[in-house]
Amino acid sequence: MILRAVACLFLLASAVAAQDCREDTVHLKGHWGEARFAVEIADDDAERAQGLMHREHLPSSAGMLFVYDRPQRLSFWMRNTLIPLDLIFIDQTGTVKTVHHSAQPLDETPIPGGPDPLTHVLEINGGLAKAMGIAPGTLVRHPTFPASTAEWPC
C-alpha cells in the first residue's frame, strides 16, 4: 500500500515537472534563485532574422529564445531593434556561457557570444540579467535542450 502511494506521488511529481517544461516558457536557476520567462521561439532563418526588431515594448517577464540545430559560434546585432536587450548566450547543456548586458538599440556592431559553440540565445529586457544575477554558469531549462545533454533536463 505504501509502495503504491509512493509510486503515485512520483508519477504526480513527474507530471507536474513535465507541465513546467513548455515550449512557451524558459526557466533559469543559479546561486541567485530561479526565474521564468514567457518566450517566443525563433528556430528558423526567417524568425531568427526578424527577432525582436521593430518592437517598442517587451513585457518584463517575456523574451525570445533563438534556437539553433547544431552548436556553433554565434553573433548578434541590434539592427532595427528599438529597445535595449540583454543577450544571454547558452550552450547545448543549457548552461549560460556569456551575457551581454543592455545592448544598445539600433546598433549594428556585432555582439559575439564568445569562443564556445552555442545552441541558444535568450533575449530579455536590458538590465534584467544584471538585476536578477543571471550570469555565466546559470542553468536554463526548455524542451529544446536534449535530455541527453541538458544539465537541467525537462
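None of the values given here were measured: they were computed from a predicted structure. (Residues numbered from 1 in each chain as written. Predicted model: local features only at pLDDT ≥ 70, side-chain atom pairs only at ≥ 80, totals over all residues. Heavy atoms only, no water.)

**Q** Would you mind showing me how to read the state of the cysteines here?
**A** Disulfide: a covalent bond formed between the sulfur atoms of two cysteine residues. Taken as a whole, this structure holds one disulfide when the rule is applied. Across a sulfur-sulfur distance of 1.7 Å, C21 and C154 are joined as a disulfide pair. Across the S-S bond linking C21 and C154, the dihedral sits near -65°, which makes this disulfide left-handed. Of this pair, C21 sits in the loop between α1 (2–20) and β1 (25–30) while C154 sits in the segment after β9 (139–141), and the two are 133 residues apart along the sequence. With a relative accessible area of 13%, C21 lands in the buried category. (Disulfide = S-S within 2.5 Å. Helix = DSSP H or I, 4+ residues; strand = E, 2+ residues; numbered from the N terminus. Buried < 20%, exposed > 50% of the residue type's maximum accessible area, 1.4 Å probe, protein only.)

**Q** Looking at this structure, I do not really get the sheet that holds strand β8 (residues 118–125). What am I missing?
**A** By definition, the strands of a sheet pair up through backbone hydrogen bonds, in either a parallel or an antiparallel sense. Spatially, β6-β5-β8-β3-β2-β1-β9 is the arrangement adopted by the seven strands of the open sheet, whose pairing is mixed. The open sheet is flanked by β6 (96–103) and β9, the only strands paired with a single partner. On average, adjacent strands in this sheet sit at an angle of 30° to one another, irrespective of strand direction. Inspection of the sheet shows β1 paired to strand β2 (residues 33–42) by six bridges, in the antiparallel sense. Among the inter-strand pairings, K29 is bridged to a residue of β2, identified as E34. (Pairing = 2+ DSSP bridges. Axes fitted to C-alpha atoms, helices over the stretch in contact; angles between N-to-C directions.)

**Q** Help me understand the pairing of β6, please; the structure alone is not making it clear to me.
**A** For a regular strand, the rule is simple: side chains alternate between the two faces of the sheet. Sheet analysis places strand β5 (residues 85–90) next to β6, joined by five bridges and oriented antiparallel. Counted as the bridge partner of F89 is T98 from β6. Between β5 and β6, which pair antiparallel and follow one another directly, the connecting turn spans five residues, one of which, G94, has a positive phi of 85°.

**Q** Whenever I open this one, the layout of surface pockets confuses me. Can you help?
**A** Over the atoms, a rolling probe the size of a water molecule traces out where space has been left empty. Of the voids in this model, the largest pocket is the one considered here, and its volume is about 220 Å³. Elements supplying a minimum of two residues to the lining of the largest pocket: α2 (45–50), β3 (62–72) and β4 (75–76). The element that contributes the greatest number of residues to the lining of the largest pocket is α2, accounting for three residues. (1 Å grid on protein atoms, 1.4 Å probe; cavity = no way out; pocket = protein on both sides within 12 Å on 5 of 7 lines; lining within 4 Å. Points joined across faces, edges and corners; volume = space filled by probe spheres on them.)

**Q** What is the right way to read the packing of aromatic side chains from this model?
**A** Applying the stated rule across the entire model yields two aromatic pairs. A centroid spacing of 4.9 Å and a plane angle of 85° characterise the contact between F66 and F76, whose relative ring orientation is edge-to-face. Of the two residues, F66 sits in strand β3 while F76 sits in strand β4, which places them 10 residues apart along the sequence. Note on F76: relative accessible area 11%, which makes it buried. Ring geometry for F76 and F89: centres 6.0 Å apart, planes at 90°, overall edge-to-face. (Phe/Tyr/Trp six-rings, centres within 6.5 Å; stacked < 30°, edge-to-face > 60°.)

**Q** Would you mind showing me how to read a negative patch on the surface here?
**A** A grouping of E23, D43, D44, E47 and D69 is seen on the molecular surface, where their side chains present a negatively charged patch. Here D69 shows up in strand β3. For D69, a relative accessible area of 79% puts it in the exposed group. (Patch = residues over 30% accessible without salt bridge, like charges linked within 9 Å, V, L, I, M, F, W, Y side chains within 5 Å. Areas by Shrake-Rupley, 256 points an atom, 1.4 Å probe, with all protein chains shown as cover. Salt bridge = Lys/Arg side-chain N within 4 Å of Asp/Glu carboxyl O. Lys, Arg positive; Asp, Glu negative; His and termini not counted. Charge placed at Lys NZ, Arg CZ, Asp CG, Glu CD.)

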